[in-house]
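# A structural walkthrough
These are the residues of each chain, in order.
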Amino acid sequence: MIRLYDSARAQVTPLESRDKGRVSIYLCGPTVYDLPHLGHGRHALVWDVLRRWLIFSGLEVRFVSNITDIDDKIIARADAEHVGEEEITATYEAAWWAALDALGVARPDATPHATAYVESMVELIEELLERDVAYELDDGLYFDVGAVADYGLLAGQSLESLRSGARVEANPDKRSPLDFALWKNAKFGEPSWSSPFGSGRPGWHTECVVMSLGLLGDGFDIHGGGLDLKFPHHENERAQAVALGRHFAGHWVHHGWVMVGEEKMSKSLGNFTSLTDLLAQTDPRAYRLLVLRSHYRSPIEVSPSTIQDAERALARLDALARRFELAPLAGTTLERASSFEWRDEERALYDVVHAAMEDDLDTPAAVAVLFEALTRANTLADEGEGDRARSLAVAIGACFAGLGLRLVADASALDTETATLVARRDQARAQRDWANADRYRGELVALGWIVEDGPSGTVVRRG
RNA sequence: GGCGGCGUGGCCGAGUGGUUAGGCAGGGGCCUGCAAAGCCCCGUACUCCGGUUCGAAUCCGGACGCCGCCUCCA
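Per the secondary structure count, chain A includes 15 helices and 14 strands. Seen along its three principal axes, the alpha-carbon backbone of chain A occupies a region of about 90 × 50 × 35 Å. Within chain A, contacts between residues separated by at least 24 positions form 74% of all contacts whose residues are at least 6 apart in sequence. Approximately 20900 Å² of chain A is accessible, and the part contributed by carbon and sulfur atoms is 50%. The average position of the 48 basic charges and that of the 72 acidic charges among the side chains of chain A differ by 7 Å.

This part covers the packing of aromatic side chains. We describe a pair of aromatic rings using the distance from one ring centre to the other and the angle between the two ring planes. Inspection of the entire model under this criterion finds twelve aromatic pairs. Where Phe56 meets Phe340, the ring centres are 6.2 Å apart and the plane angle is 50 degrees; that geometry is what we call tilted. One end of the pair, Phe56, is in helix α1 (residues 38-56); the other, Phe340, is in the loop between α10 (304-323) and α11 (344-358), and 284 residues separate them in sequence. A residue is classified by how much of its surface remains accessible, and Phe340, at 18% relative accessible area, is buried. Between Tyr151 and Phe231, the ring centres sit 6.3 Å apart and the planes meet at 75 degrees, which makes this aromatic pair edge-to-face. On the criterion of sequence distance, the pair formed by Tyr151 in the loop between β6 (140-143) and α5 (159-165) and Phe231 in helix α7 (residues 227-243) is long-range, its members being 80 residues apart. When its relative accessible area of 26% is taken as the criterion, Phe231 is described as partly exposed. Every member of this aromatic cluster is reached through a ring pair, and the members are Trp53, Phe56, Phe340, Trp342 and Tyr350. Lying over the aromatic face of Tyr135, Arg175 brings its terminal NZ or CZ to 3.9 Å of the ring centre. The side chain of Arg439 reaches across the aromatic face of Tyr440, ending 4.8 Å from its centre.

Let's shift gears to the packing of helix α6 (residues 204-216) against α7. Two numbers describe how α6 lies on α7: the axes approach to 9 Å, and their chain directions differ by 55 degrees. Classified by the angle between their axes, α6 and α7 sit oblique to one another. Crossing angle aside, the handedness with which α6 passes α7 is right-handed. Between α6 and α7, the contacting residues are Trp204, His205, Thr206, Cys208 and Val209 on the first element and Leu229, Pro232, His233, Asn236, Glu237, Gln240 and Ala241 on the second. For the contact of α6 with α7, a count of residues per class yields six nonpolar, five polar and one charged.

At their nearest, the axes of helix α2 (residues 72-81) and helix α3 (residues 85-102) sit 8 Å apart, and the two run at 110 degrees to each other. In this view, α2 runs roughly perpendicular relative to α3, as classed from their interaxial angle. Residues Ile74, Ile75, Arg77, Ala78 and Glu81 of α2 touch α3, and the partners they reach there are Glu85, Ile88, Thr89 and Tyr92.

Here the domain parsing of chain A yields domain 1 (3-255), domain 2 (315-402) and domain 3 (416-462). Using C-alpha coordinates to define each centre, domain 2 is positioned 31 Å away from domain 3.

On to the environment of His82, then. Mapped onto the secondary structure, His82 falls in the loop between α2 and α3. For the pair His82 and Met211, spaced 129 residues apart in sequence, the C-alpha to C-alpha distance is 30 Å.

Direction of pairing for strand β1 (residues 3-6) relative to strand β2 (residues 11-14): antiparallel, over a ladder of four bridges. Bridge assignment links Arg3 to a residue of β2, and that residue is Pro14. What sits between β1 and β2 in their antiparallel hairpin is a turn of four residues, with Ala10 showing a positive phi close to 55 degrees.

The strands making up a sheet associate through backbone hydrogen bonding, with each pair oriented either parallel or antiparallel. Taken in spatial order, the four strands line up as β4-β3-β9-β10 in an open sheet, and their pairing is parallel. Because the sheet does not close on itself, it has two edges, and the strands there are β4 (60-65) and β10 (251-255). Strand-to-strand twist in this sheet, taken as the mean axis angle between neighbours without regard to direction, amounts to 20 degrees. As defined by bridge partners, strand β3 (residues 22-27) adjoins β4 across six bridges and the pair is classed as parallel. What sits directly across from Tyr26, in β4, is Val64. Strand contacts of α7: β9 (222-226) and β10, with the helix running at about 140 degrees to β9, the strand carrying the most contacts.

So, on to the pairing of strand β5 (residues 134-137). Successive residues of a regular strand alternate their side chains across the two faces of the sheet. With four bridges joining them, β5 and β6 adopt antiparallel strand pairing. By the bridge assignment for β6, Glu136 is matched with Leu141.

Now for the pattern of salt bridges. All told, the structure shown has 33 salt bridges when counted by the stated rule. Among the salt bridges present, the one from Arg201 reaches Glu190, with a minimum N-O distance of 3.3 Å. Here Arg201, found in strand β8 (residues 200-202), pairs with Glu190, found in the loop between β7 (180-185) and β8; they are eleven residues apart in sequence, far enough to count as distant. On the basis of relative accessible area, Arg201 is assigned to the buried category, the value being 5%.

What counts, and where the lines are drawn
Residues numbered from 1 in each chain as written. Chains lettered and ligands numbered in written order. Predicted model: local features only at pLDDT ≥ 70, side-chain atom pairs only at ≥ 80, totals over all residues. Heavy atoms only, no water. Helix = DSSP H or I, 4+ residues; strand = E, 2+ residues; numbered from the N terminus. Contact = heavy atoms within 4.5 Å. Areas by Shrake-Rupley, 256 points an atom, 1.4 Å probe, with all protein chains shown as cover. Lys, Arg positive; Asp, Glu negative; His and termini not counted. Charge placed at Lys NZ, Arg CZ, Asp CG, Glu CD. Phe/Tyr/Trp six-rings, centres within 6.5 Å; stacked < 30°, edge-to-face > 60°. Buried < 20%, exposed > 50% of the residue type's maximum accessible area, 1.4 Å probe, protein only. Lys NZ or Arg CZ within 6 Å of the ring centre and 35° of its normal. Axes fitted to C-alpha atoms, helices over the stretch in contact; angles between N-to-C directions. Parallel < 35°, antiparallel > 145°, perpendicular 65-115°, else oblique. Left-handed = near helix turned anticlockwise from the far one by under 90°. Nonpolar A, V, L, I, M, F, W, Y, C, P; charged D, E, K, R; others polar. Domains from an automatic or database assignment. Pairing = 2+ DSSP bridges. Salt bridge = Lys/Arg side-chain N within 4 Å of Asp/Glu carboxyl O.

As structure tokens, then:
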């Protein structure tokens with residue numbers, strides 16, 4: 001079974017799934033009040049890769065990721081734009097899915113929305129009140145973190161040391177600055193729900209407890225998100241579950257950030273801090289490859305040069321797909337290794353890639369192995385071992401599919417003008433009329449084509 | 001103040017105490033009518049100072065630098 005770093009234990013630990021052969025994952029999704037940025041993109045990719053690989057290796061995965069559609073920021077944005085909250089959330093949720101679709105991120109099995117679970121949240125809060133771990137102040141209900149013995153487990157700090165570092169105190173009446181809002185009393189003009197403790201709306205940390213336990217059940221396997229969610233969000237979720245005596249996530253997985261080389265990201269250089277912008281100017285697969293080439297817990301740098309680096313590496317992969325005419329895989333479909341044929345050499349490749357992936361999702365190692373295999377496949381083909389070369393190439397494509405990276409052979413249809421130029425060039429070359437052959441190539445290049453002369457004549461493709 | 005992480009060749013980015021990471025860029029060569037694609041070869045890196053060791057980028061100690069979390073955040 002895969003070994004993953006567990007933030008609660010602060011070490012790489014084998015994933016012991018609750019049900020053999022099945023893995024349940026709850027991922028904290030976005031608050032939809034603005035366009036997704038590069039960090040969201042990495043986040044989505046990391047989890048898509050984990051999910052896909054688990055499925056590829058033969059496990060049944062249930063993957064749930066929520067949408068937070070009620071929150072201070074949504075309200076603030078709606079106010080600023082003088083529109084309703086629903087308009088804000090509808091707009092940005094659509095942008096979210098559009099970006100993820102473009103990235104080739106498969107949709108979750110379920111995408112619960114917080115506003116659909118308010119009733120359950122109210123019930124949970126009532127239980128917390130009954131157990132005396134929540135208390136009321138003038139502006140709402142708060143959770144008493146002092147009631148949870150090991151509060152600070154995820155943060156890796158004691159309650160005392162966390163308390164001493166607390167910097168902001170929204171409500172000075174709180175018993176501890178770390179206590180968090182379970183329920184915020186309604187304010188004029190804000191969305192609200194009625195409850196036994198008055199009209200209002202839930203605090204952020206409760207929704208994920210309700211939705212994860214509700215959809216995946218007690219003791220679900222993996223709970224994840226960005227490193228920034230580890231504390232206080234995940235800590236607070238866990239605190240509520242613990243206070244209720246519920247068995248929460250078995251494994252906590254957090255990924256690192258996207259670093260931006262500030263100056264290089266300046267507007268003058270085509271600033272693309274929004275994921276939507278990046279995807280408009282880059283092959284989304286390049287971003288996936290960039291993400292794959294660093295470890296999920298490390299920070300990654302996203303800059304025009306690292307993106308370009310990835311684009312060029314991707315071009316080599318596509319060249320492989322072209323050379324061996326690989327069928328495209330890994331779109332919205334979640335591939336399984338068992339549906340491919342693995343001869344000895346290919347099996348060995350898969351085993352090495354798999355071992356890397358099982359080792360805390362070591363995608364950089366997996367990618368390195370696959371690039372080495374790519375060179376081997378090309379070498380074999382150069383040496384006339386076409387058969388072995390092809391089956392190796394197919395295996396490489398399959399492994400990348402397991403990582404969600406689709407290799408594209410690009411069989412784009414040619415317009416009449418292009419087809420004519422290609423035919424004329426072939427004719428000129430057949431007659432060893434190099435001057436005209438070069439002229440037609442020049443014309444094709446001017447039309448934006450990359451021209452290659454293969455065994456069967458001139459081949460053009462888009463750059 | 002507390003907790004945690006990082007400092008690798010031109011760039012990105014892995015790393016087990018002794019053997020090539022990988023990619024991109026660059027140089028040389030093969031192939032090609034010329035290209036492109038592909039293949040081969042090359043740079044011999046690990047912040048600094050001590051220590052452990054036959055041997056450390058990899059372990060220990062220290063210094064310097066950088067970053068994150070402790071507040072909404074993927």
